Every structure is written in structure tokens, then in C-alpha cells.
Amino acid sequence: MRFHDRVNYLKRAPVISSNILCRGRYDFTYDLMPVHAVSMPLKKRLNLLRAGANLLCRRLHPWSWPIHIHIELASYCNLKCKVCPTGTGRLERKPAAMEPALFERLMDEIGPYLLTTSLWGWGESLLHPRLSDILRIAQNRGITTLISTNGQNLNDEKVQQALIDYPPNYLIVALDGITDETHSRFRVGARVENALEGVRSLAGKRLQKGAALPVLHLRYIVMKHNEHELPQLPEFAKDNQFDELSIRTLSIIDAPEDIHHPLIPDNETLRAYSYKDGTRVRRTDFICEKIFIFPAVFSDGTVVACDQDCNARQPIGSIADGSSFADVWWGERAAKVRKAIRDNPESLSFCRNCPFKDRPISTCNVEYYNLRK
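Residues numbered from 1 in each chain as written. Predicted model: local features only at pLDDT ≥ 70, side-chain atom pairs only at ≥ 80, totals over all residues. Heavy atoms only, no water.

Draft legend 1. Just the overall build of the protein, in detail. Secondary structure summary: the protein contains 12 helices and 16 strands in total. Computed over the C-alpha atoms, the radius of gyration of the protein is 20 Å, within 12% of the 21 Å expected from 2.2 N^0.38 for a compact globule of 373 residues. Overall size of the protein, expressed as C-alpha extent along the three principal axes, is 55 × 50 × 45 Å. Burial analysis of the protein (373 residues in total) assigns 54% to the buried set. At a minimum sequence separation of 6, the contacts of the protein that also span at least 24 residues come to 71%. Of the roughly 16000 Å² of accessible surface on the protein, 52% is carried by carbon and sulfur atoms. Of the side chains in the protein, 50 bear a positive and 43 a negative charge, and the two mean positions are spaced by 6 Å. (Helix = DSSP H or I, 4+ residues; strand = E, 2+ residues; numbered from the N terminus. Rg over C-alpha atoms; globule rule 2.2 N^0.38 Å. Buried < 20%, exposed > 50% of the residue type's maximum accessible area, 1.4 Å probe, protein only. Contact = heavy atoms within 4.5 Å. Areas by Shrake-Rupley, 256 points an atom, 1.4 Å probe, with all protein chains shown as cover. Lys, Arg positive; Asp, Glu negative; His and termini not counted. Charge placed at Lys NZ, Arg CZ, Asp CG, Glu CD.)

In C-alpha cells:
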């Protein structure tokens, strides 16, 4: 979060707190997508208020449970994206799919406190062999669930049935081109029609069922080779029955920076970062809040303070051995990692290359379209 965003948030804190405590309601955005937490039970309201207070103090032992979480369903993928550690072979963890029993135990413990659950990590979520079981476990918990996918097996009938039977709130489909030539420049091996066929079929099945979910969201990362397609995108998304569209800037992740340079758009307004003499301008007004409210659990049960620690170089614990999430979250190892990230982030490579640190704004998405209006 930028310093000025933090100040503005503090100014609105009394109204936000009143809505949470008295009305059980909290309205916010997740990458510009609207989320409305309503009729929250008392324990979730109190946890949310504690989380807000903790963000002021940035305590190493938080007052609250997490309010958001990344859960990596699979750590393997069917594409070779140019900056992704999985696609480039830099992911050092073994390929694995999260066991449904582990997922259920985790959700039973922390689900009562969560606002959102992001069901992705450093792999393709829809490749999980028991996707239906995972989505069934995530249902009816009062949590906004989101899945991000490259869409390459979205036209698989078993995948579609799981998404219709136990729909997440948002299905985010990553398409970075409206033709195979453009799209596969970044997502090597991808075919556009695989994803579009799946989206159109899902939209039809959802209509037949009379359901509103999942919301079908097209996410487009704008880069040098595809920025010319932006004027066509809204109509393209509508024609293929997406409900929403967002334009995302290219994030620097924990990878050599020269990998990103050929992808930077020519249009400076579409760049995630400012550059001077070809070098990214470093900012000093960033305050990391993720480590206090938004951890990640990888497919093997390893817990990290931030999902950008893709190789779990600084794990805060594991729940694979039967340990509770609470023991990990409030443990001394977690406090030590939070302290390093809070006080000395330059000592950690995934902090030096944080996707948010050097941005002028606090979100990766810069444009959002509601195509249903």
C-alpha cells in the first residue's frame, strides 16, 4: 500500500468500522473487481476490525487471523509463460496437487474469518485432479472465492461440470491476445480458442441453470507486443460472453529484470513502473501490509507470509504434518519472517522484486469494465 493510500484509508476508518460492526457489511475491491461482504457473523466482524488495527501497528504477532489467503491448488502448469518461475523452470518445489483433506482442514480452521480465498498459486488450478472436491469444500462458507486460469483445459467437460456444480464467485481467465500469434508470445503454448470455447460453454450452462455464478472475468496483461489490441478488447470480451474485463500491467516478479524489458509497453500510461535511462525508478513510499493479512499456502502444505516467495525460501511453517494453521500463523518463525520483511525487505529477493513496491498505485489492474451493464 502506498503511504497516501494508507492516510486516505485512515480518514475513512470510522465509517468503515461502523459499517463492519453495526451492519456486518464491508465493500471493497479485489484487483478492481467489486466484492461485498454482507451479513458477516460477529467473529468475522471482530476479526476484520482487529486486522485493521494491526495494520496500523504492524505487530509481528498479529491481533487477527488472515482476512485473505492464497491457496495453491497445483504447482505444475501446461504452459511456459516467459516470466513465470514455473514456466521458465525456476520453480524449485516439487510438482504437487493439494490434498482435498488438507484443504478442508485448512478451510474449517480459517474459513470463519476470511473475506476472500484465491485458489491459485504458481501452477494451473484447473489441472487439479479432484477439482470438484476442492470447489465443493469451498462452498457455502460466506467467502468470496476466486480462481485464475490460463483456460487451456477450460473446455474439458469434467472441469466445466465442477465449475457449474460448485461455482466460485469469480473465474478469471488470463488471455493476453485475441489471436494465437499474439497470445502465445507471452503464454508459450497457449491457444485462444481453448479458453473461449470453455467460456462460451460455461456461459450457456450457467444460463440454462438460471445461475449468476461464476462471474466470467477476462484478464488481459498489456505488453509491448499486444498493446495495439486494446481498442478491440471490450467488444471481443462481450462477443465471447465474458461478464467483466480488466486490463493488467506487467508485474516485475522475482526474476532477472532483463526478462521483462522486451515486454514493457511503448505507451508509458500502460506501464506498471516509471523508468529513467532504462532503469526502473525505485520508490520509498511503500508499506507492506500483505504479511499481516494475506498469507499463502502452497500445494504441499507449506505456509509463506507472501505468495511472491514462490520457492518458499522463507517459510513460516507447514500444516502438512497435522499442525494447525494457528500454530504457524502466531509462531515465532512467522514473527521472525515478518520482522525481516517489515524492517529489512532488501535482504529478501522476493521483496526487492515485489510487484507492488515500485508502482505509483496499489493495484496491478488499471482498467475495469462491467460488460453486463
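Draft legend 2. Geometry of a nonpolar patch on the surface. Together, Leu 21, Leu 42 and Leu 46 give the surface a local cluster of nonpolar side chains, amounting to about 250 Å² of exposed area. Residue placement: Leu 21 occurs in helix 1 (residues 3-23). (Patch = residues over 30% accessible without salt bridge, like charges linked within 9 Å, V, L, I, M, F, W, Y side chains within 5 Å. Salt bridge = Lys/Arg side-chain N within 4 Å of Asp/Glu carboxyl O.)

Draft legend 3. Representation of the sheet that holds strand 16 (residues 365-370) within the structure. Strand order in the open sheet made by the 10 strands is 15-14-13-3-5-6-7-9-10-16, with mixed pairing throughout. Unpaired on one side and paired on the other, strand 15 (315-318) and strand 16 mark the two borders of the sheet. (Pairing = 2+ DSSP bridges.)

Draft legend 4. Quick look at unusual backbone geometry. The linkage connecting Leu 213 with the following residue, Pro 214, adopts the cis geometry, with an omega of 0°. Checked against the element boundaries, Pro 214 lands in the loop between helix 7 (192-209) and strand 9 (215-222). The backbone phi angle of Ser 39 is positive, close to 50°, even though this residue is not glycine. Secondary-structure assignment places Ser 39 in the loop between strand 2 (33-37) and helix 2 (42-57).

Draft legend 5. Summary view of the packing of aromatic side chains. Counting across every chain of the model gives six aromatic pairs. Taking the centre distance of 5.1 Å and the plane angle of 25° together, the rings of Tyr 26 and Phe 28 count as stacked. Both residues of the pair, Tyr 26 and Phe 28, count as buried. Centroid distance Trp 65 to Tyr 113: 4.8 Å. Interplanar angle 5°. Geometry classified as stacked. Of this pair, Trp 65 sits in the loop between helix 2 and strand 3 (68-71) while Tyr 113 sits in the loop between helix 3 (100-110) and strand 5 (116-118); the two residues are 48 residues apart in sequence, bridging distant segments of the chain. (Phe/Tyr/Trp six-rings, centres within 6.5 Å; stacked < 30°, edge-to-face > 60°.)

Draft legend 6. Here's a closer look at helix 3. Along helix 3, the residues classified as buried are Pro 100, Leu 102, Phe 103, Leu 106, Met 107 and Ile 110. Within helix 3, the buried residues cover an arc of 160° as seen down the axis, which keeps them to one side. Buried residues in helix 3 make contact with strand 3, strand 5, helix 4 (131-138), strand 13 (296-297) and helix 10 (325-329). (Arc of directions from axis to C-beta.)

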